[in-house]
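Below, each chain spelled out in residue letters.
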Amino acid sequence: VSNMQSYFAVWPIGYPFLIAAVTLITGANVYLASKILSIIISFIILMIFRNRFRWYSVIYGLLLINYGYLRIFKYTWSEQPFILGLIWFSFALYDISRSVRPTFKNYMGLCLSSLFLFLNRYIGAFSIGVMVLFAVISLVIALRDKSNAPLHFKKFKWCLYVSILNFFLIMFYLYQNI
């Protein structure tokens, strides 16, 4: 609602911000910018699939043409970037779980994807619980597997750090906006 001068913070800022950025860059009206954003998000998802699955990316890309997905992308809903965030978060957590020595970049991706989820839909805060659960599982593995305990304990520690950081960033956002 462009004519309003009052502050409105019932909904997260992520999706409206993305639409505003597309509007600013393209000069399109808000409705058209939301459609352009939908196309951009679909393209990003396809590129993620292409980077992950190479030759099988076409099969995963077919997921984008099912009726439910197309219906979501037809409307101006925040599910579009939320789906992108879920894919990003899933792959970030998968990379950490499969890596022997995850890098700072892996944990930064996990942190940013979790924040992206939250900033597009408040329910995205569930990602903190998933990270804590992963940290606890890493701790249990570290306690059982003495030969690789330092590596798993490091995953536990860093996932816990990322979870705590995201928790405080989310609380700060909520404190400022609600």
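These figures come from a predicted structure and were not determined experimentally.

### Quick notes on the pattern of salt bridges
Argument step 1. Summed over the entire model, instances satisfying the criterion amount to two salt bridges.
Argument step 2. With a closest N to O distance of 2.7 Å, E79 and R121 form a salt bridge. With E79 in helix α5 (residues 79-98) and R121 in the loop between α6 (104-120) and α7 (126-144), this residue pair connects regions lying 42 residues apart in the sequence.
Argument step 3. Given a relative accessible area of 22%, E79 falls into the partly exposed group.

### Section: the packing of α6 against α7
Geometry of a packed helix pair, given as the angle between the helix axes and the separation of the axes.
Argument step 1. Direction vectors running N to C along α6 and α7 enclose 150°, while the axes themselves pass 8 Å from each other. Between α6 and α7, the crossing angle belongs to the class labelled roughly antiparallel. When α6 is examined against α7, the residues L110, S114 and L117 are found in contact with a partner set consisting of F126, S127, I128 and M131.
Argument step 2. Split into classes, the residues belonging to the contact of α6 with α7 amount to five nonpolar, two polar and no charged.

### Let's talk about the environment of S113
Argument step 1. On the secondary structure map, S113 appears in helix α6.
Argument step 2. Given a relative accessible area of 0%, S113 falls into the buried group.
Argument step 3. Apart from the residues lying within four places of it in its own chain, the contact partners of S113 are W88, F89 and A92.

Basis of the calculations
- Residues numbered from 1 in each chain as written.
- Predicted model: local features only at pLDDT ≥ 70, side-chain atom pairs only at ≥ 80, totals over all residues.
- Heavy atoms only, no water.
- Salt bridge = Lys/Arg side-chain N within 4 Å of Asp/Glu carboxyl O.
- Helix = DSSP H or I, 4+ residues; strand = E, 2+ residues; numbered from the N terminus.
- Buried < 20%, exposed > 50% of the residue type's maximum accessible area, 1.4 Å probe, protein only.
- Axes fitted to C-alpha atoms, helices over the stretch in contact; angles between N-to-C directions.
- Parallel < 35°, antiparallel > 145°, perpendicular 65-115°, else oblique.
- Contact = heavy atoms within 4.5 Å.
- Nonpolar A, V, L, I, M, F, W, Y, C, P; charged D, E, K, R; others polar.

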